[in-house]
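Analysis of the macromolecular model
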Amino acid sequence: MPVREAISPRGTPMRDDGSVASKLQQRSAVFFVYLHQLPRWVPLVVLPALLIAGLAVPGVAGGVLLVVLAVLLWFAFLAAPVRSASHRLVRLVVPLVILVAAVGKLVG
């Protein structure tokens, strides 16, 4: 199977080796480019605001805000380069913890 390459928002090649991860990265590339073009302060304001609002708003609305936050964090972590095994663990655990909180709000 031939391996195709695309360019990520950070200017590094994204390999298309047929894996789920590479397909997810390529399908998310438009969102990655959009995130990369935002001013640096926007994620620093929006992500904590979503966390605070999601925890403060009762019921389903708070759960939905937390789900949106978890999805945005997941995409942001996919766009960031992997540095170490502990970094990979954080990239997986943070969105999962937020999703658990969201499910708790949606169910409770």
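For the structure given in this document, a descriptive report is provided here. (Residues numbered from 1 in each chain as written. Predicted model: local features only at pLDDT ≥ 70, side-chain atom pairs only at ≥ 80, totals over all residues. Heavy atoms only, no water.)

1. A closer look at the overall build of the protein
Scanning the protein from terminus to terminus reveals five helices and two strands. When the helices and strands of the protein are listed from N to C terminus, the series reads β-β-α-α-α-α-α. When the 108 residues of the protein are sorted by exposure, 22% land in the buried category. Contacts in the protein between residues far apart in sequence, at least 24 positions, make up 41% of those at least 6 positions apart. Counting only carbon and sulfur atoms, one obtains 72% of the accessible surface of the protein, whose full area is about 7,300 Å². (Helix = DSSP H or I, 4+ residues; strand = E, 2+ residues; numbered from the N terminus. Buried < 20%, exposed > 50% of the residue type's maximum accessible area, 1.4 Å probe, protein only. Contact = heavy atoms within 4.5 Å. Areas by Shrake-Rupley, 256 points an atom, 1.4 Å probe, with all protein chains shown as cover.)

2. Remarks on the environment of Val67
As for its placement among the helices and strands, Val67 is situated in helix α4 (residues 59-79). When its relative accessible area of 30% is taken as the criterion, Val67 is described as partly exposed. Along the sequence, Val67 and Ile98 sit 31 residues apart, while their C-alpha atoms lie 7.3 Å from each other. In contact with Val67, not counting residues within four places along its chain, are Leu99 and Ala102.

Everything listed is a geometric property; what it means functionally is a separate question.
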